Structure formats: structure tokens, C-alpha cells
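# Structure at a glance
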Amino acid sequence: MSKIADIAAERRTLKLLPDPASPLPGDGLDRALVDSLIAAAGWAPFHRACVSGREGVCAPEPWRVHALDKPACLALMPHLDSFAKPPAKIANMLAAADALLLVTWLPEEAGEWTASDINMEHIAATGAMIQTLLLAATEQGIGSYWSSGGCFATREVLNWLGAGDDEVLLGAVFLWPDTPNDIEATPGKLRAQRTDPDRWARWVEVSPS
Ligand SMILES: Cc1cc2nc3c(=O)[nH]c(=O)nc-3n(C[C@H](O)[C@H](O)[C@H](O)COP(=O)(O)O)c2cc1C
């Protein structure tokens, strides 16, 4: 198998859920290493230059990343209960994370976004960016979890963390330390349901004229 196929197969969802009262020890990931994963992800393809963006930040990529290191994850925990949407298992995961990357995309219009061709391509590009991030993490031996984000997807929490009003969360990516044996660790629920490519890919036969 090729190297990329190995890394793609090795990537898997892992959710670490320690007791929030006993956060995992350690310093978390070095910011320079996380920056290198983000830079690798920045090579994902994108087809439409976005026209909006945070004030003062003018980049054509349709995605934005808001990175929290381990100290920031831990410092966020006491604030969770003040947010309107119940944080569910977020506190457990913040207690475990070595870093958390909130990846947003920028709809072409302000306010409620519509299912336009441009928005579809912005979401697709941002999804490719997140997958590249996960593969880069896997290559470094770093476990990961792409979450829809729960309370992080709300406007209240996004704004509280400094995201622009025009950003929509596509993924909250948790990066984990090596998994301690005594910590609850959950896999992705669809992992075992994967099928072989012959169930969803086909060769198209075109008769010569
Ligand atoms: C867009 C997207 C959003 C996801 N959101 C969640 C989520 O909110 N909660 C969750 O448990 N898993 C979430 N997942 C992880 C999937 O459940 C997981 O990828 C799937 O079960 C397959 O497992 P694997 O990643 O180990 O192959 C998400 C995955 C994607 C691509």
C-alpha cells in the first residue's frame, strides 16, 4: 500500500473522556508542531476565493482556524456552564486535549447562509482542509477527533473565542496525547460500517463510436 493509503487507514476517530475534575497531565502539543499541521492543511484545494473575512485579515482561503493549546483548553473549562447551549461531553474532552482547533468556513453572504454553489465549494474545500489536518496529525502519531462542535458551533461561543460574525464552524478538531489505559476512549460510531469501494465506486464503460 502507498504511504498515503497507510496514513488514511490509520487515521481514526478517538474520543478521550476523562473526568473533567482530573484533567490529563502534561504540557500539550508544542505550538510550533500544531502550526506545522495547520500549514500542511493549508495545501488543501480551494476553488473560490472568499470575499469576506475577519476585519483586518484578508485571505482568499474559505477556511479560518482558531487554535487553543492545552493551557487554553483547561482555562476554558470553567466558562462552559455560562454558555447557553449545554456543553455535553466537551468538558471531558477539554480535560484530555493536547490542543483544539476550531475550523470555520466563510459563507459568501452575511447572515443565514444559503445552499449556493459557492457555499458548497467553500464547505467542500474546508472539509478537505480538515481531512488534510487529520492526516498530518496521524503522520505525527497524534490521535484526533473531528467533532461537529456542539456548543462551539453556536454564535455565542464562536464570538466569545474571537471568531468573526461571518464564520460558521465546520469542525472542532481535538488532538490527543497518547491514550492512557485508564481513560474512557470511544471510537467513531460508523468506523465498523465502512464498506469496500465496489459498493460506492464504479468504472464507467463508454463504447467507442
Ligand atoms: C463532518 C463530520 C462531523 C463529525 N461530527 C461528529 C460528532 O459531532 N460526534 C461524533 O461522535 N463523531 C463525529 N464525527 C466523526 C464520525 O462519526 C466518524 O468519522 C465516523 O464514525 C467514522 O469513524 P472513523 O473516523 O474512525 O473512521 C464527525 C465526522 C465528520 C466528517
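Residues numbered from 1 in each chain as written. Predicted model: local features only at pLDDT ≥ 70, side-chain atom pairs only at ≥ 80, totals over all residues. Heavy atoms only, no water.

## A look at the overall build of the chain
The helix and strand tally for the chain stands at six helices and six strands. Counting from the amino terminus, helix and strand elements in the chain follow one another as α-β-α-β-α-α-β-α-β-α-β-β. For the chain, whose C-alpha radius of gyration is 18 Å, the value lies close to the compact-globule estimate of 17 Å for 209 residues. Each principal axis of the C-alpha distribution contributes one length, and for the chain these read about 70 × 40 × 30 Å. Taken over 209 residues, the chain has a buried fraction of 39%. Contacts in the chain between residues far apart in sequence, at least 24 positions, make up 77% of those at least 6 positions apart. (Helix = DSSP H or I, 4+ residues; strand = E, 2+ residues; numbered from the N terminus. Rg over C-alpha atoms; globule rule 2.2 N^0.38 Å. Buried < 20%, exposed > 50% of the residue type's maximum accessible area, 1.4 Å probe, protein only. Contact = heavy atoms within 4.5 Å.)

## Concerning the site of the ligand
Near the ligand lie 13 residues; those nearest to it are T13, K15, Y145, L190 and R194. Y145 has a polar side-chain atom sitting 2.8 Å from a nitrogen atom of the ligand. Take K189: an N or O atom from its main chain is 3.1 Å from an oxygen atom of the ligand. Protein contact buries 72% of the 610 Å² of open area that the ligand shows by itself. (Near = heavy atom within 4 Å. Polar contact = N/O pair within 3.5 Å; in protein donor to acceptor, adjacent residues only side chain to side chain. Areas by Shrake-Rupley, 256 points an atom, 1.4 Å probe, with all protein chains shown as cover.)

## Regarding helix α5 (residues 117–139)
If you check α5, its first and last C-alpha atoms are 33 Å apart, about what 23 residues at 1.5 Å a residue would give, namely 33 Å. At the exit of α5 stands G141, carrying a positive phi of roughly 75°. (Expected span 1.5 Å × (residues − 1).)

## Structural notes on the sheet that holds strand β5 (residues 168–175)
On the basis of which strands lie adjacent, the open sheet formed by four strands has the order β2-β3-β5-β4 and antiparallel pairing. A strand with exactly one partner marks an edge of an open sheet, and here the two such strands are β2 (63–69) and β4 (144–147). In this sheet, adjacent strand axes meet at a mean angle of 20° when their direction is disregarded. Where β4 meets β5, four bridges bridge the pair, whose relative direction is antiparallel. Opposite W146, over in β5, you have V173 as the bridge partner. Its contacts with the sheet put helix α2 (residues 31–41) on β2, β3 (99–105) and β5, and the angle it makes with β2 is roughly 165°. Its contacts with the sheet put α5 on β2, β3, β4 and β5, and the angle it makes with β3 is roughly 160°. (Pairing = 2+ DSSP bridges. Axes fitted to C-alpha atoms, helices over the stretch in contact; angles between N-to-C directions.)

## A look at the nonpolar core
Ranked by size, the top nonpolar core spans 29 residues in total, and within it L80, L94, L100, F152, F174 and W176 carry the most contacts. Counting residues per element, the ones that place at least two in this core are α3 (70–76), α4 (90–96), β3, α6 (155–160) and β5. Here this core takes six residues from α4, the largest share from any one element. Apart from the residues lying within four places of it in its own chain, the contact partners of L80 are P87, I90, A91, L94 and C151. Counting residues in hydrophobic clusters, the runner-up holds 21 residues, among them V34, L101, A136 and L175. (Core = buried A, V, L, I, M, F, W, Y, C linked by side-chain atoms within 4.5 Å.)

## Concerning the pattern of salt bridges
Applying the stated criterion to the full structure yields two salt bridges. Measuring nitrogen to oxygen at the nearest pair gives 3.0 Å for the salt bridge that ties E121 to R48. In this pair, E121 is assigned in helix α5 and R48 in the loop between α2 and β2, connecting sequence segments 73 residues apart. Here E121 falls in the partly exposed class, since its relative accessible area comes to 25%. (Salt bridge = Lys/Arg side-chain N within 4 Å of Asp/Glu carboxyl O.)

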